[in-house]
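Residues per chain are reported as follows:
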Amino acid sequence: MRADFRLEDWVVRPLRDCIERGDEVIHIHPKPMAVLEALAASGGEVVTRDELFEKVWPGVIVTDDALTQCIVELRKAF
């Protein structure tokens, strides 16, 4: 994806690894940003855990904890 996009009143800026709302800027680590991009690109369709693993960590074996930590960071940011 990599282009800026909106989530309600937030502007997501993947190339800058941040989200913005008004004057508020919150930096997001690259992997959680990749998870957010994958979810946003789904167009509201369900994205499975395995699909996220393939999109965010292609060819790498990671545990569920890696994805959980990404989701935790995104929840805190929003």
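In this report, we go over the structure that sits alongside the text. None of these values were measured; they are calculated from a predicted model. (Residues numbered from 1 in each chain as written. Predicted model: local features only at pLDDT ≥ 70, side-chain atom pairs only at ≥ 80, totals over all residues. Heavy atoms only, no water.)

Here the focus is the sheet that holds strand S3 (residues 18-21). Reading across from one edge, S1-S2-S3-S4 is the order of the 4 strands in this open sheet, with antiparallel pairing throughout. Strands at the two margins of the open sheet, each flanked by one partner only, are strand S1 (5-7) and strand S4 (24-27). Taken pair by pair, the neighbouring strands of this sheet meet at an average axis angle of 25 degrees, ignoring direction. Sheet topology note: the S3/S4 ladder contains 4 bridges and is antiparallel. Directly across from Glu20, in S4, lies its bridge partner Val25. (Pairing = 2+ DSSP bridges. Helix = DSSP H or I, 4+ residues; strand = E, 2+ residues; numbered from the N terminus. Axes fitted to C-alpha atoms, helices over the stretch in contact; angles between N-to-C directions.)

Residues other than glycine seldom take positive phi values, yet Glu8 does so here, at roughly 55 degrees. With respect to the element layout, Glu8 can be found in the loop between S1 and strand S2 (10-13). The backbone of Asp17 shows a phi angle near 55 degrees, a positive value even though the residue is not glycine. Turning to its location among the elements, Asp17 is positioned in the loop between S2 and S3.

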